[in-house]
2 protein chains.
Amino acid sequence: MSTIKDVARIAGVSVATVSRVANNGPKVSSKTKEKVQKIMAELGYTPNANARALVTQKNTTIGVVIPELNDPFFASLANGVEQISRQHNMQLLLSTGQLSAESEMQAIDLLVGRRCDVMVIHSKKLSDEQLIALSQRIKGLVIIDRYVAAIAERCIWLDNFEGGKIAARHLLALGHKNLACITSKYQIDDPELRLNGFTNELNASGIPLDEQLIACAEPSLQGGEVAAQNLLASGKPFSAIFVYNDAMAIGAISTLEDNGYRVPADISVIGFDDVLLSRYSRPKLTTLNYPIEVMAKQATSLALALVNSQEVASQSSTLKHIPRLVKRESTNICNVKATEINLR
Amino acid sequence: MSTIKDVARIAGVSVATVSRVANNGPKVSSKTKEKVQKIMAELGYTPNANARALVTQKNTTIGVVIPELNDPFFASLANGVEQISRQHNMQLLLSTGQLSAESEMQAIDLLVGRRCDVMVIHSKKLSDEQLIALSQRIKGLVIIDRYVAAIAERCIWLDNFEGGKIAARHLLALGHKNLACITSKYQIDDPELRLNGFTNELNASGIPLDEQLIACAEPSLQGGEVAAQNLLASGKPFSAIFVYNDAMAIGAISTLEDNGYRVPADISVIGFDDVLLSRYSRPKLTTLNYPIEVMAKQATSLALALVNSQEVASQSSTLKHIPRLVKRESTNICNVKATEINLR
DNA sequence: TTGAAAGCGATACCAT
DNA sequence: ATGGTATCGCTTTCAA
C-alpha cells in the first residue's frame, strides 16, 4: 500500500502539499494539484484512516453493540444506525454482546480500544450502574431499548407498559371479556412491563385477567406453541390472547388451529414488534409496531450530537416511543357463540 | 482518554515497559508488572488500537460488504462472519453496498482506507473485471455468493443450477407432470441459473416446461402474489410450482389459497433459501436450504488464511456449495384429480 | 530487566 | 503557494 511519502516523492513535492491536495486544502496551485492527483490515482493511493485518526484525534467510526445479528429485530436496529452513519460518512463497527454481561462489556471495550466515541448500544445484561459508569466515560454513548433513569437523556426507549395497555384496549373494544396472555420467561423488563400494562388496563375496566390464563415460555415459535397448549389445557375459556412477540403469536396461532380453533373467528390473537414475519403469516398478524429503525436512527443522531457537544434538541419527551397498533387479520370482534364453544 | 505516556509517567517507568506489560512482553519483573497494571486499571487505560495498527502494520478488523442489513439473508451472512472474527479476536467493519455498483465500490474503498485487509464481500453489481482487479489489490478479499472463474479460488458460491435440478427432481419424483415456475426479474445470475437447472432436468425427463408457465416478478411477497395470479390467468393447468425464493413462494401460496386451491393438496410449491420465514409459514414451506451462514464462516476463514499466506486447504472443490432439499409441508404427491379440476 | 529513540502515516503549524 | 518538522500513541530494536 503506498503512502503519502511515496506520492510526495514521485510527484516531487512535500508531504504537506500532498496532504493539502488529499484534503482539498485551501492553498494549492491548480497545476500542482493536478499533478499530485494524477500520481495518487496511478499509485492507487488511499489515505490511511487510522493514521489520520491518530493525529486529528477524530474517529470516523460509529460503534453498535447488539445481542446478535441473526435476529431480524436487531438487524433492523443495525440498519437504522448504518443509514445515519452513511449520511455522516462514518463507518459501522459492529460487535455482538452474545447475551452475556461479560461479552457485552467486552464488546464495548473493543470499541473503546478503537477510540470509537460514538456508540449505540442495546444491552439487556449490563446493570444500570455499569451503564451509568460507561456513559460517564464515553461522551457519545446512547442506550437503546432501555430506560435508565439516571441517564434518561441518553436513553431511547419504547414504552412497553403503554404497549400492554394499547393491546388491552384494542381487545376490550372488540368486546372480549375472557382474556389470556402469553409472556416470555427471558429478557429483563420488557415482558413484565407489557404484562403489567395489559393487566393494569384490564383492571381499570373491571375485567381482571385470570392468573391461570397467563402462560410463560421461551420467546420463539416453539415457545408460543407450548404456551398455547398450556392455555388450552387449563380448561378455562378465553376468546383473545395478548402475546409477548410476533414469533410466539404465530406459534400460538398454529397450535390453536391444530386444535380446531379458528383465528380470529374463534380466538383473537395480538402480537408485539411488527416484524417482517407478521406480514407473512396467515392470518396476517395484528400487532404493535415497535419502530426500532426510527429509534435507531434517532439514537445515532443523538450520539453524534453528544460528541459534537451540539445543542441536543431538548425535547427529551420524544426519547420515549409509543408502539402503534397495527390492525391486521388476527383479531376480530368477540364471537360469543365461539367463546361458549370454548367452554364445551 | 489516557495514553501510554500517562501510565508511564505515573508509574515511574518508561513507555517501553508499559508497552511490554500491555502486551504480556517477555522480560518484565513481576514487581514492575504489577505496579504498571495497577496504574493502568486506575486510569482505565486501553491501548489505542489504531496507533497499534499503524506501527505493527497489522489490522484487527475484518470488513464485510453486503447489499443491506435489513434482509434476513444478509443478516445471517454477517452473523457468520461475525462468529469467525470473534474467534480470532477481530472486529467487524460493516458497509452496505445499497444495491448500486458505485456505492459497493465506495464501501470497499472505505474498508481499504481503514487498511482492512481481510474482507468478505457480497457483490451483485460490480463487474467481473472490477472484482478481479480488486482481488489483486487486496490479498484477503473473498467473494461470497458469486462465481468468477478467473478468481475461482477466492469465491465461495452456491450451485444455483444444481439447485434448480434438485427442485425439478423432487417435483418429478412426486409425480408432477404439469409444472410452473416463478422467477425474479432482478438479481444478476441466480434466477437464470436456477431456472436453467430446473428446465434442464425437466427436459432430461421428457417433461418440458411450458413457456407460458414461467412468471416473472419482483422477489418479494407481493411479487409472488402477482406472479401466481399471472400463472392462474394463463388458463394452463399445473400441479406444482418452483419459486425463486421463499418470500415469493409464500406470496404465491397466499394467492393460490385465495383462489380456492389448496397447498399442497391441489398444488405443490417449493421455495428457495430456507429463510426463517419458511418455518413460520403455513403450510410450512418445502424449500432448498442455502447454507449462507456456513458459507460466510468458510469465506471468513479463507480470507484470514489468505492474508496470513497460510496453506489454503487445497480442496478447492469445497468452495462450491450445493443446496439441500428441506422437505416440509408445501409439496406433496401429485393429485391427479386436483389437476383435472385445474383444467375446468 | 529497563530505557532511549526511531518510525508507522498522516496533519498542521510555522517558515519561507 | 510550498516545504520542514513536531506530533499523535504505540511497538520495537539496540544499548545499557
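In the nomenclature of an unreviewed UniProt entry, chain A corresponds to Transcriptional regulator from the organism Thalassotalea profundi.

Once chain A is rotated about the relating axis by 180° and shifted along it by 0.0 Å, it coincides with chain B to within an RMSD of 0.1 Å. These values place the two chain copies in the arrangement generated by a two-fold rotation axis. When the interface residues of chain A are mapped onto chain B, 100% of them are again interface residues, pointing to one common binding face.

Before going further, it helps to spend a moment on the nonpolar core. Grouped together as the largest cluster of nonpolar side chains are 93 residues, with contacts concentrated most on I144, F198 and F242 of chain A together with I144, F198 and F242 of chain B. By residue number, the principal contributor to this core is helix α13 (residues 292–307) of chain A, which donates 9 residues. Not counting the four nearest positions on each side in its chain, I144 of chain B is found in contact with L77, V120, I121, H122, I156, I292, M295, A296 and A299 of chain B. Membership of the second largest hydrophobic core comes to 55 residues, among which are I182 and A247 of chain A together with L231 and I267 of chain B.

This part takes up the interface of chain A and chain B. Each partner contributes to the interface: chain A provides 51 residues, whereas chain B provides 51 residues. Three residues, R114, Y280 and R282 of chain A, lead the burial of chain A against chain B; their summed loss comes to 17% of the area buried on that side. The interface formed by chain A and chain B contains 4 salt bridges. Here R282 of chain B and E257 of chain A are joined by a salt bridge, their closest N and O atoms 3.3 Å apart. Linking chain A to chain B there are 23 residue pairs in polar contact (both at pLDDT 80 or more). Of the residues forming the side of chain A that touches chain B, the biggest block, 7 residues, is contributed by helix α5 (residues 72–87) of chain A. Classifying every residue of the side of chain A that touches chain B gives 22 nonpolar, 18 polar and 11 charged. Inspection of the sheet shows strand β2 (residues 91–96) of chain A paired to strand β2 (residues 91–96) of chain B by 3 bridges, in the antiparallel sense. Looking at the pairing, L92 of chain A lines up with L94 of chain B of β2 of chain B.

Of all residues adjacent to DNA strand C, which total 29 residues, the nearest are I4, S19 and R52 of chain A together with T17 and R20 of chain B. In DNA strand C, atoms within 4 Å of the protein come 65% from sugar and phosphate. Here a phosphate oxygen of DNA strand C and a backbone polar atom of I4 of chain A are 2.3 Å apart. Here a base oxygen of DNA strand C sits 3.4 Å away from a polar atom, N or O, in the main chain of V55 of chain B.

Under the criterion given, the structure shown has 0 disulfides over all chains. No disulfide involves C116 of chain A; its sulfur sits 15 Å from the nearest other cysteine sulfur, which is in C116 of chain B.

On inspection of all chains with the given rule, the structure shows 32 salt bridges over all chains. For R86 of chain B, the salt bridge is made with E82 of chain B, and the minimal N-O distance between the two is 3.7 Å. Residue R86 of chain B and its partner E82 of chain B are both found in helix α5 (residues 72–87); the two are separated by 4 residues, about one turn of the helix. Its salt-bridge partner being R146 of chain B, residue D128 of chain B comes within 2.8 Å of it at the nearest N-O pair. Of this pair, D128 of chain B sits in helix α7 (residues 128–137) while R146 of chain B is found in the loop between β4 (140–144) and β5 (155–158), placing the two residues 18 residues apart along the sequence. Relative accessible area serves as the criterion here: at 32%, D128 of chain B is assigned to the partly exposed category. Salt bridges here are not isolated pairs; linked through shared partners, they connect E162, R169 and E201 of chain A.

Taken in spatial order, the 12 strands line up as β11(A)-β5(A)-β4(A)-β3(A)-β1(A)-β2(A)-β2(B)-β1(B)-β3(B)-β4(B)-β5(B)-β11(B) in an open sheet, and their pairing is mixed. Either end of the sheet is taken by a strand with one partner, and the two such strands are β11 (320–321) of chain A together with β11 (320–321) of chain B. Inspection of the sheet shows strand β1 (residues 61–66) of chain A paired to β2 of chain A by 6 bridges, in the parallel sense. Residue pairing for β2 of chain A: T61 of chain A is matched across the bridge by Q91 of chain A.

Residue and element names in this part refer to chain A. Domains assigned within chain A are domain 1 (4–47), domain 2 (61–159 + 293–321) and domain 3 (160–290 + 326–339). Using only C-alpha atoms to locate each centre, domain 2 and domain 3 end up separated by 31 Å. Each partner contributes residues to the interface: domain 2 has 8 residues there, and domain 3 has 9 residues. A buried area of about 840 Å², summed over both sides, lies between domain 2 and domain 3, and 58% of it is on carbon and sulfur atoms. For the domain 2 face of the interface with domain 3, the top three residues by lost area are K124, L158 and D159, together amounting to 65%. Across the domain 2-domain 3 interface, the total number found is 1 salt bridge. Between D190 and K124 there is a salt bridge, with the nearest N and O atoms lying 3.4 Å from each other.

Attention shifts here to the packing of α5 of chain A against α13 of chain A. All names here are of chain A. The interhelical angle for the contact between α5 and α13, taken along N-to-C directions, is 40°, at an axis separation of 7 Å. Taken together, α5 and α13 sit at an angle that is classed as oblique. The element α5 and its partner α13 pack so that their crossing is right-handed. Contacts between α5 and α13 involve F73, S76, L77, N79, G80, V81, Q83 and I84 from the first element and I292, E293, A296, K297, T300, S301 and L304 from the second. In terms of residue class, the contact of α5 with α13 is built from 7 nonpolar, 6 polar and 2 charged.

It is worth spelling out the sheet that holds strand β8 (residues 240–243) of chain B at this point. Residue and element names in this part refer to chain B. The strand order across the open sheet built from 4 strands is β7-β6-β8-β9, with neighbouring strands paired in parallel fashion. In this open sheet, the two strands that pair with only one neighbour each are β7 (214–217) and β9 (268–270). Neighbour-to-neighbour, the strand axes of the sheet open up by a mean angle of 20°, direction not taken into account. Those strands touched by helix α9 (residues 190–204) are β6 (179–184), β7 and β8, and its axis lies near 165° from that of β6.

Criteria and cut-off values
Residues numbered from 1 in each chain as written. Chains lettered and ligands numbered in written order. Predicted model: local features only at pLDDT ≥ 70, side-chain atom pairs only at ≥ 80, totals over all residues. Heavy atoms only, no water. Least-squares fit on C-alpha atoms with pLDDT ≥ 70 in both. Contact = heavy atoms within 4.5 Å. Core = buried A, V, L, I, M, F, W, Y, C linked by side-chain atoms within 4.5 Å. Buried < 20%, exposed > 50% of the residue type's maximum accessible area, 1.4 Å probe, protein only. Helix = DSSP H or I, 4+ residues; strand = E, 2+ residues; numbered from the N terminus. Buried area = accessible area lost by both parts, 1.4 Å probe. Salt bridge = Lys/Arg side-chain N within 4 Å of Asp/Glu carboxyl O. Polar contact = N/O pair within 3.5 Å; in protein donor to acceptor, adjacent residues only side chain to side chain. Nonpolar A, V, L, I, M, F, W, Y, C, P; charged D, E, K, R; others polar. Pairing = 2+ DSSP bridges. Near = heavy atom within 4 Å. Disulfide = S-S within 2.5 Å. Domains from an automatic or database assignment. Axes fitted to C-alpha atoms, helices over the stretch in contact; angles between N-to-C directions. Parallel < 35°, antiparallel > 145°, perpendicular 65-115°, else oblique. Left-handed = near helix turned anticlockwise from the far one by under 90°.

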